[in-house]
Amino acid sequence: TGSSRPQRILKAVQKNATKGDPQSVISAIDYYCRHKEWAMNVGDDKGLILDSVLTEVNPSMALELGTYCGYSSVRIARLLSPNSKLITVEFNPAFAAIARQIIAYAGLQDKVTIVEGASGDLIPKMKERFGLKSFDFVFLDHWKDRYVPDTKLLEDCGLLRKGTVLLADNVICPGAPEYLKYVRNNPRYESRYYPSVLEYTKAEDGLEKSVFLG
Ligand SMILES: CCc1ncnc2c1ncn2[C@@H]1O[C@H](/C=C/CNC(=O)c2cc(-c3ccc(F)cc3)cc(O)c2O)[C@@H](O)[C@H]1O
Ligand SMILES: [Mg+2]
């Protein structure tokens, strides 16, 4: 049987990027997915917004829901301060295996922990498993109908603190209408939409940044 898209993305990284150089890994994936084969990475346009929000927050503990190939894990981890960590959740073992190799190729394996499983099962175990109080930053990029239930679960598990920043991908395309309703009409969140484009295309998409007010 042939290779998978994530396997071909890993091959493109190994061929075109420099080991230990996160920016070259990001550029290799963006080049491959723009010119050879589209893939659902947050991409370079929305990636610049992710970079700027992340730099502003400068989180000690970051969470990502939906690792896929690890593209946004590399984007996030490369900007973390020393001793800051990213936990990324992925339930497809094949995707997790590729992501682990891409994150390691970028030299970021010491800053990123990939946890395999469904977010709904793992979120309630985070405090005990990682000895953490709360997350400073959460990037939502998994199944779009899981954004609301997982946000509520993070609240209920006390994993959000006053000032925690949630950043959600794809709120226009494929869309997360329930999530937008949830965070925009909720006194416990201060939300702002960042317009952009769907990765590697000219279609409209954007990121929603929501600050938890406690
Ligand atoms: C059960 C909870 C749960 N727990 C743990 N891991 C989970 C999970 N639910 C999902 N995963 C993993 O996350 C990734 C899925 C991500 C889902 N993302 C999109 O569907 C998407 C689509 C487009 C687009 C496609 C086609 C178009 F035409 C236009 C746009 C663009 C985008 O940027 C997109 O993010 C995979 O690795 C899943 O294994
Ligand atoms: Mg996405």
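Look a little higher up for the structure.
Described below are features of the structure shown in this document. From a predicted model like this one, the values you see are computed outputs, not experimental measurements.

### Things to note about the packing of aromatic side chains
Moving on, step 1. Tallying each qualifying case throughout the model produces five aromatic pairs.
Moving on, step 2. Judged by centre distance (5.5 Å) and plane angle (85°), the rings of Tyr147 and Tyr179 are edge-to-face. Taken together, the residues Tyr147 in helix α8 (residues 147-156) and Tyr179 in helix α10 (residues 177-184) connect sequence positions 32 residues apart.
Moving on, step 3. Looking at Tyr179, the relative accessible area reads 1%, which means it is buried.
Moving on, step 4. Centre to centre, the rings of Tyr189 and Phe212 are 5.3 Å apart; their planes meet at 55°, and the pair counts as tilted. Highlighted residues: Tyr189 in strand β6 (residues 189-197) and Phe212 in strand β7 (residues 204-212), separated in sequence by 23 residues. Of the two residues, Tyr189 and Phe212, both sit in the buried class.
Moving on, step 5. A connected cluster of aromatic rings, assembled from ring pairs, spans Tyr182, Tyr189 and Phe212.

### Here's the deal with empty space enclosed by the protein
Moving on, step 1. Applying the stated criterion across every chain yields a total of one cavity of 30 Å³ or more.
Moving on, step 2. Its boundaries defined by the atoms lining it, the largest cavity holds a volume of some 50 Å³.
Moving on, step 3. Lining the largest cavity we find Met40, Asn41, Val42, Gly66, Thr67, Tyr68, Cys69, Gly70, Tyr71, Ser72 and Asp141.

### Describing the layout of surface pockets
Moving on, step 1. A volume near 430 Å³ is recorded for the largest pocket.
Moving on, step 2. Contributing to the lining of the largest pocket are 23 residues, with Met40, Gly66, Asp141, His142 and Trp143 lying nearest its centre.
Moving on, step 3. Taken together, the elements giving at least two residues each to the lining of the largest pocket come down to β2 (85-90) and α6 (119-122).
Moving on, step 4. Of the residues that constitute the lining of the largest pocket, the class distribution is 10 nonpolar, seven polar and six charged.

### Topic: the coordination of the magnesium ion (ligand 2)
Moving on, step 1. Bound to the magnesium ion (ligand 2) on the protein side are Asp141 (OD), Asp169 (OD) and Asn170 (OD1), at distances that span 2.0 to 2.2 Å.
Moving on, step 2. Here the donor residues for the magnesium ion (ligand 2) map to a single chain with the spacing D-x27-D-N. There is no split in this pair, since Asp169 and Asn170 are both buried.

### Comments concerning the sheet that holds β7
Moving on, step 1. Strand order in the open sheet formed by seven strands is β3-β2-β1-β4-β5-β7-β6, with mixed pairing between adjacent strands. In this open sheet, the two strands that pair with only one neighbour each are β3 (112-116) and β6. For this sheet, the mean inter-axis angle between neighbouring strands, taken without regard to orientation, is 15°.
Moving on, step 2. As defined by bridge partners, β6 adjoins β7 across nine bridges and the pair is classed as antiparallel. If you follow Arg192 over to β7, its bridge partner there is Lys209.
Moving on, step 3. Sitting on the sheet, helix α3 (residues 43-57) is in contact with β4 (135-140), β5 (160-168), β6 and β7, with an inclination near 150° to β6.

### A closer look at the nonpolar core
Moving on, step 1. Core analysis: the largest hydrophobic core is formed by 43 residues, its most contacted members being Ile9, Val25, Ile29, Ile76, Ile102, Phe137 and Phe139.
Moving on, step 2. Of all the elements in the fold, those that place two or more residues in this core are α1 (5-16), α2 (22-35), α3, α4 (71-77), α5 (93-105), β3, β4 and β5.
Moving on, step 3. Contacts of Ile9, omitting those with residues within four sequence positions, involve Ile29, Tyr32, Cys33, Ala39, Cys69 and Ile102.
Moving on, step 4. Membership of the second largest hydrophobic core comes to 28 residues, among which are Ile87, Leu132, Leu166 and Phe212.

### Observations concerning the pairing of β4
Moving on, step 1. With six of its six residues buried, β4 lies for the most part within the structure.
Moving on, step 2. By the bridge criterion, four bridges tie strand β1 (residues 61-65) to β4 in an arrangement that is parallel. Within the sheet, the bridge partner assigned to Leu63 lies in β4 and is Val138.
Moving on, step 3. Relative to β5, β4 runs parallel, the two sharing five bridges. By the bridge assignment for β5, Leu140 is matched with Ala168.
Moving on, step 4. The handedness of the β4 to β5 crossover, carried by α8, is right-handed.

Conventions adopted
- Each chain carries its own residue numbering, running from 1 in the written order of its sequence.
- By the order in which they are written, chains take letters starting at A while ligands take numbers starting at 1.
- The predicted nature of this model means local features are confined to residues of pLDDT at least 70 and side-chain atom pairs, given and counted, to a pLDDT of 80 or more, with totals for whole chains, interfaces and linings taken over all residues.
- Only heavy atoms go into the side-chain values, all of them from the structure, while hydrogens and water stay out.
- Side-chain rings of Phe, Tyr and Trp (the six-membered ring for Trp) are treated as a pair once their centres are within 6.5 Å; stacked means planes under 30 degrees apart, edge-to-face means over 60, and tilted covers the remaining angles.
- In DSSP terms, a helix is any run of H or I states spanning at least four residues, a strand is any run of E spanning at least two, and both are numbered starting from the N terminus.
- Here's how the labels work: a residue is buried when its accessible area is under 20% of the maximum for its type, exposed when over 50%, partly exposed in between, all with a 1.4 Å probe on protein chains only.
- The method works on a 1 Å grid over the protein atoms by themselves. A cavity is a set of points holding a 1.4 Å probe that cannot get out, a pocket is an open set with protein on both sides within 12 Å along at least five of seven lines, and residues with an atom within 4 Å of a point line them.
- Grid points are joined across faces, edges and corners, and a volume is the space filled by probe spheres set on the points.
- Polar here means any residue other than Ala, Val, Leu, Ile, Met, Phe, Trp, Tyr, Cys and Pro, which are nonpolar, and Asp, Glu, Lys and Arg, which are charged; Gly is therefore polar.
- Here a donor is an N, O or S atom found within 2.8 Å of the metal, or within 3.2 Å if the metal is Na, K or Ca; sites may look incomplete because water is not among the atoms.
- Here a strand pair is declared whenever DSSP counts at least two bridges between the two strands.
- A fitted line through C-alpha atoms represents every axis, and for helices the fit uses only the stretch in contact; the resulting angles, taken between N-to-C directions, go from 0 to 180 degrees.
- Note on contacts: a residue pair qualifies if any of its non-hydrogen atoms lie within 4.5 Å across the two residues.
- What is meant by a nonpolar core is a set of buried Ala, Val, Leu, Ile, Met, Phe, Trp, Tyr and Cys residues, joined one to another through side-chain atoms within 4.5 Å.
- A crossover counts as right-handed when, viewed with the strands pointing away from the observer, the path leading from the first strand over the helix to the second turns clockwise.

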